[in-house]
Amino acid sequence: MAEQREKNIINQTTRPITKDILITEFMKIGIQKGDILVVHSSLSKIGWVVGGAIDVVEALMEVVTNEGTLIMPAHSGGNSEPSVWQHPSVPEEWWPTIRENLPPFRPDITPNRMMGKIADLFRTYPGVLRSNHPQNSFTAWGKNAAIITASQPYFPSFGENSPLGRVYDMGGKLLLLGVGHSNNSSLHLAESKANIPNNPMESQGAAVLENGQRKWVKWDDFSYEDEDFPEIGKAFEESIGYIRNKIVNAEAILLSQVDLVDFAVEWMKSHRSYLLN
């Protein structure tokens, strides 16, 4: 299966993609030295990259330089309340065992879950810092990495004091590389900022380390939604007349995170169905 997948990627690529090609492409679409850039990505959509995820990470680093900051998601959704699991769900009789035995979140070793190869590799790079949220952490490298990954509250996990909120305060940008707005976690920041009445909540939990001891902690957080994210992203792009770019084979969307979030806040206030109930 993996061999066939790579063969398909090779067949869809007209020439080997090098780091230098990626640097040129990133600069061409408007990524600049000093940018504060949140990246969501899919390696396979770019095409066959000679150095794989290494070339993508290092090309981004060379373009923004250490005067800028790269930020990527490092979510570990498996460390969560098992009663709300859906993809897949598990039998109810398993829940107590899971709560008692899940390994605690450790920023240096807890793996990402379903974040893609680029974000997985980025997490391991020298100088990359990770925020301390046991489920919805972010990694960052560069000038503002320590500020962006500073203590992240459990609730709201995507709120104004989260890494995404700090990127917003710094006037950051957003790059969707081979993925669409359904992967755009900055729209969860908009959910928090919208402060919509009757916003659904859910009970959450995770295993953490406190004073060196494993502990199961519980909190309430928003029941984050993403089904309307593609619609929100499309409406925003149309409102500014945005034309999507390409990084080799991958569709690339480079936007102001602030402008998108502000637009999404107003969109959610007027469109989210539970407002009308």
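Up top is the structure these notes are about.
Our subject in this report is the structure included herewith. In this convention, every chain numbers its residues from 1, walking through the sequence in written order. Totals for whole chains, interfaces and linings use all residues, but because this is a predicted model, local features are given only for residues with pLDDT of at least 70 and pairs of side-chain atoms are given and counted only at 80 or more. Based on all heavy atoms of the structure, the side-chain values leave hydrogens and waters out of the count.

Turning our eyes to something else, we now look at the packing of helix α2 (residues 19–29) against helix α4 (residues 52–64). Only the stretch in contact is used when a helix axis is fitted, and all axes are lines through C-alpha atoms; the angle between N-to-C directions ranges over 0 to 180 degrees. The helix count covers DSSP runs of H or I at least four residues long, the strand count covers runs of E at least two residues long, and both are numbered beginning at the N terminus. The geometry of α2 relative to α4 is characterised by a closest axis approach of 9 Å and an angle of 50 degrees between their N-to-C directions. As judged from the angle between their axes, α2 and α4 are oblique. Crossing of α2 against α4: the hand is right-handed. Here Lys-19, Leu-22, Ile-23, Phe-26 and Met-27 of α2 lie close against α4, whose contacting residues are Asp-55, Val-56, Glu-58, Ala-59, Leu-60, Glu-62 and Val-63. Residues are grouped as follows: nonpolar covers Ala, Val, Leu, Ile, Met, Phe, Trp, Tyr, Cys and Pro; charged covers Asp, Glu, Lys and Arg; every other residue, Gly included, is treated as polar. For the contact of α2 with α4, the residue count by class is 8 nonpolar, no polar and 4 charged. An angle counts as roughly parallel when it lies under 35 degrees, as roughly antiparallel when it exceeds 145, as roughly perpendicular when it falls between 65 and 115, and as oblique in every other case. For any pair of crossing helices, the crossing counts as left-handed if the nearer helix is rotated counterclockwise from the farther one by less than a right angle, and right-handed if it is rotated clockwise. Residues are treated as being in contact if the distance between any of their heavy atoms lies within 4.5 Å.

Opposite charge on two side chains permits them to pair, given that their charged atoms come into close proximity. Criterion for a salt bridge: a side-chain nitrogen of Lys or Arg within 4 Å of a carboxyl oxygen of Asp or Glu. Under the definition given, this model contains 13 salt bridges. In this structure, the salt-bridge partner of Glu-62 is Lys-19, at a minimum N-O distance of 2.7 Å. In this pair, Glu-62 is assigned in helix α4 and Lys-19 in helix α2, connecting sequence segments 43 residues apart. Overall, Glu-62 belongs to the partly exposed group, its relative accessible area being 44%. Exposed residues in this analysis have more than 50% of their type's maximum accessible area, buried residues have under 20%, and partly exposed residues fall in between, with area computed by a 1.4 Å probe over protein chains only.

The next thing to look at is helix α9 (residues 186–194). Note that an α-helix has 3.6 residues per turn; residues three or four places apart therefore point the same way. Counting buried positions along α9 yields 8 of 9 residues, so the element is predominantly enclosed. Buried residues of α9: Ser-186, Leu-187, His-188, Leu-189, Ala-190, Glu-191, Ser-192 and Ala-194, and no others. Positive backbone phi, approximately 50 degrees, marks Asn-195, located one or two places after α9.

A separate point is the nonpolar core. Buried residues of nine kinds, namely Ala, Val, Leu, Ile, Met, Phe, Trp, Tyr and Cys, make up a nonpolar core once their side-chain atoms join them within 4.5 Å. Ranked by size, the top nonpolar core spans 35 residues in total, and within it Phe-26, Ile-31, Ile-46, Leu-60 and Leu-175 carry the most contacts. Among the elements that line this core, the one with the most residues is α4, at 8 residues. Excluding residues that lie within four positions of it along the chain, Leu-60 makes contacts with Phe-26, Ile-31, Leu-37, Val-39, Leu-70, Met-72 and Leu-175. Of all hydrophobic cores here, the second largest spans 33 residues; its members include Tyr-224, Phe-236, Ile-253 and Leu-260.

The next point concerns the environment of Leu-102. Relative to the elements of secondary structure, Leu-102 occurs in the loop between α5 (95–101) and α6 (117–122). Measuring from C-alpha to C-alpha, the distance between Leu-102 and Lys-215 comes to 10.0 Å, with 113 residues separating the pair along the chain. Once you skip the residues sitting within four places of it in the chain, Leu-102 turns out to touch Gly-78, Asn-79, Ser-80, Ala-207, Arg-214 and Trp-216.

Take the sheet that holds strand β2 (residues 69–73) next. Picture the strands of a sheet paired through backbone hydrogen bonds; they go either parallel or antiparallel. Only when DSSP finds a minimum of two bridges between them are two strands counted as paired. If you trace the 7 strands from one edge of the open sheet to the other, you get β3-β4-β2-β1-β5-β9-β8, paired in mixed fashion. Strands with a single pairing partner mark the edges of an open sheet, and in this sheet they are β3 (129–130) and β8 (245–247). In this structure, strand β1 (residues 36–41) lies alongside β2, joined through 3 bridges in parallel fashion. Along β2, the bridge assignment pairs Val-38 with Ile-71. Sheet strands in contact with helix α11 (residues 257–271) are β5 (173–177) and β9 (250–256), and its direction is about 80 degrees off that of β9.

Our next topic: the side chain of Glu-237. You can see Glu-237 is positioned in helix α10 (residues 229–240). We classify Glu-237 as buried; its relative accessible area is 6%.

In this section: the environment of Glu-92. Here Glu-92 is to be found in the loop between β2 and α5. The exposed category is assigned to Glu-92, whose relative accessible area is 55%. Put simply, Glu-92 and Phe-138 are 46 residues apart on the chain and 30 Å apart in space, counted from C-alpha to C-alpha.

Considering the arrangement of structural elements, one finds Arg-123 in the loop between α6 and β3. Asp-120 provides the closest opposite charge to the buried, salt-bridge-free Arg-123, at an N-O distance of 5.2 Å. Setting aside its immediate chain neighbours within four residues, Arg-123 contacts Asp-108, Ile-109, Thr-110, Pro-111, Asn-112, Val-128, Arg-130 and Thr-139. Positive charge is attributed to Lys and Arg, negative charge to Asp and Glu, and no charge count is given to His or to the chain ends.

What follows concerns the packing of α10 against α11. It is at 10 Å that the axes of α10 and α11 come closest, and there the two elements cross at 120 degrees. Relative to α11, α10 is oriented oblique. Crossing of α10 against α11: the hand is right-handed. In contact with Phe-229, Glu-231, Ile-232, Ala-235, Phe-236 and Ser-239 of α10, α11 contributes Asp-259, Leu-260, Phe-263, Ala-264, Trp-267 and Met-268. Partitioning the contact of α10 with α11 into residue classes produces 9 nonpolar, 1 polar and 2 charged.

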